[in-house]
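Structural overview for review
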Amino acid sequence: MLGVSHALSGAAVGLAVMGVAGAGVVSGWAAGHVAAAPVDAGGILTFAAVCAGAALLPDLDHPSSMATTRFSWASVAASRVVRPLSALAYRLTRAGRDTGRGTHRGLTHTALFAVGTGLAINAASARWGAPVLLGTLFVCIALAIKGLDALVPGPPSLVIAAGLTYAVDRWVPGGVDGTAGWLGAAVTLGVLVHAVGDAVTESGAPLLWPIPIRGRRWYPVGGPRPVRLRTGGRVETVLVAPGLAVAVVLLVLLVVPGAGALALELRDRVEDLLAARGPG
């Protein structure tokens, strides 16, 4: 899938999860506690933004991906760690019928990696606190904005991401510390969304590694081949990405407190403005 599709699908799933679990809980499993789900507008949008950005992280295993190139030398260095690590995991665990090198769509496209990343973020935030939380928020928000600017180009995404991260710390109830209970879960969800999204393309994704399937531990899970998408193909660009964009807008209106009322108010103001201008 293209970056914009991954970002949109991450945002949509994040909003949908908050729509279902907003009155419940999101587990802070690594920290050993359960935190209330972010039911305020700022918290829900932050959760969705983290999911959207995390849905681009698995492509750190590709040297020219958005995740690899977004943060200059820092993300390039991260990619140069991720690719050999993925290749090493592939060589150590490959089964007789596995083929390939395990660099792209390898370790980072597995459910185990998604869960491990979330646990690591929660453990690191429990140990080092705000710096980890702020860094994770900034990276995910920056990736989300960059992923979506294919639809709505704007000012430099890193500047916007820094401003939004500051806004979360200042104005969202609980600030950045309030994200500690669910941040790892949001990242895990985003990474899983990416892997599932790649699973519906022609190449599939090794979601269930290292479980052996048909003589392969890196079995490319996917749907029936006749219905798999070609990355960047016409179906994705004309149907999937626009459909996801519509879904995100609808979910914002349905899930985010006050969003529906604000949309109606804006509609009324536009109608009043048009009526004031009169015919011609």
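All values derive from a computational prediction rather than experimental measurement.

Things to note about the packing of helix α2 (residues 41–54) against helix α8 (residues 183–199)
Direction vectors running N to C along α2 and α8 enclose 45 degrees, while the axes themselves pass 7 Å from each other. By the angle between their axes, α2 is oblique relative to α8. Helix-helix and strand crossings are classified by hand; for α2 and α8 the assignment is right-handed. Packed against α2, whose contacting residues are F47, V50, C51 and A54, the element α8 presents L183, A186, V187, L189, G190 and V191 at the interface. Grouping the amino acids of the contact of α2 with α8 by side-chain chemistry returns nine nonpolar, one polar and no charged.

What about α8?
With 17 residues, α8 ought to run about 24 Å at 1.5 Å a step, and its terminal C-alpha atoms sit 25 Å apart, in line with that. With 14 of 17 residues buried, α8 lies mostly within the body of the structure.

Re the side chain of D59
Mapping D59 onto the fold places it in the loop between α2 and α3 (66–69). Reaching out from D59, the side chain makes a polar contact with the side chain of H109 at a distance of 3.4 Å.

Observations regarding a nonpolar patch on the surface
A cluster of nonpolar residues, V246, V249, L250, L253 and L254, forms a patch on the protein surface that exposes about 480 Å² of accessible area. In this structure, V249 sits in helix α9 (residues 234–255).

A closer look at α9
Taking 1.5 Å as the rise per residue, α9 with 22 residues should run 32 Å; its terminal C-alpha atoms sit 30 Å apart, in good agreement. Listing the buried residues of α9 in full gives E236, A241, L244, V248, L251 and V255.

Some remarks on the pattern of salt bridges
By the definition in use, this model includes two salt bridges. A salt bridge links D198 to R105; its shortest N-O distance comes to 3.3 Å. Taken together, the positions of D198 in helix α8 and R105 in the loop between α4 (72–93) and α5 (111–128) put the pair 93 residues apart, joining distant regions of the chain.

Structural notes on the packing of α2 against helix α6 (residues 130–148)
Two elements in contact, α2 and α6, have axes separated by 7 Å at closest approach and are oriented at 75 degrees. As summarised for this structure, α2 and α6 are arranged roughly perpendicular, according to the angle between their axes. Contact residues: T46, A49, V50, A52, G53 and A54 in α2; L137, C140, I141, L143 and A144 in α6. Considered class by class, the residues forming the contact of α2 with α6 number nine nonpolar, two polar and no charged.

Topic: the environment of M66
Here M66 is to be found in helix α3. On the accessibility criterion, M66 (26% relative accessible area) is partly exposed. Taking the C-alpha atoms as reference points, M66 and G3, 63 residues apart in sequence, are found 7.1 Å from one another. Look past the residues within four positions of M66 in its chain and what remains in contact with it is G3, L56, L143, K146 and G147.

Describing the confidence of the model for the chain
Here the chain shows a mean pLDDT of 83. Residues at 70 or above account for 86%. Here residues 27–34 is a poorly scored stretch, pLDDT under 50, and it has 22 contacts once near neighbours within four places are set aside; other chains count.

Points about the packing of aromatic side chains
Under the definition given, this model contains four aromatic pairs. Residues F47 and W182 carry aromatic rings whose centres are separated by 5.3 Å and whose planes lie at 50 degrees to one another, so their mutual orientation is tilted. With F47 in helix α2 and W182 in the loop between α7 (157–171) and α8, this residue pair connects regions lying 135 residues apart in the sequence. Residue F47 is classed as buried on the basis of its relative accessible area of 2%. Members of the aromatic cluster, connected to one another through ring pairs, are Y90, W209 and W218.

Some points on the nonpolar core
L15, V50, L183 and V187 are the most contacted members of the largest nonpolar core, which totals 44 residues. Broken down by secondary-structure element, the contributors of at least two residues to this core are α1 (3–21), α2, α5, α6, α7, α8 and α9. Sorting elements by how many residues they give to this core places α6 first, with eight residues. The contacts of V187, once residues within four sequence positions are left out, are V50, A54, L57, T117, I121, T136 and C140. Residues A89, L107, W209 and W218 belong to the second largest nonpolar core, which totals five residues.

Criteria and thresholds
- Residues numbered from 1 in each chain as written.
- Predicted model: local features only at pLDDT ≥ 70, side-chain atom pairs only at ≥ 80, totals over all residues.
- Heavy atoms only, no water.
- Axes fitted to C-alpha atoms, helices over the stretch in contact; angles between N-to-C directions.
- Helix = DSSP H or I, 4+ residues; strand = E, 2+ residues; numbered from the N terminus.
- Parallel < 35°, antiparallel > 145°, perpendicular 65-115°, else oblique.
- Left-handed = near helix turned anticlockwise from the far one by under 90°.
- Contact = heavy atoms within 4.5 Å.
- Nonpolar A, V, L, I, M, F, W, Y, C, P; charged D, E, K, R; others polar.
- Expected span 1.5 Å × (residues − 1).
- Buried < 20%, exposed > 50% of the residue type's maximum accessible area, 1.4 Å probe, protein only.
- Polar contact = N/O pair within 3.5 Å; in protein donor to acceptor, adjacent residues only side chain to side chain.
- Patch = residues over 30% accessible without salt bridge, like charges linked within 9 Å, V, L, I, M, F, W, Y side chains within 5 Å.
- Areas by Shrake-Rupley, 256 points an atom, 1.4 Å probe, with all protein chains shown as cover.
- Salt bridge = Lys/Arg side-chain N within 4 Å of Asp/Glu carboxyl O.
- pLDDT = per-residue confidence, 0-100.
- Phe/Tyr/Trp six-rings, centres within 6.5 Å; stacked < 30°, edge-to-face > 60°.
- Core = buried A, V, L, I, M, F, W, Y, C linked by side-chain atoms within 4.5 Å.

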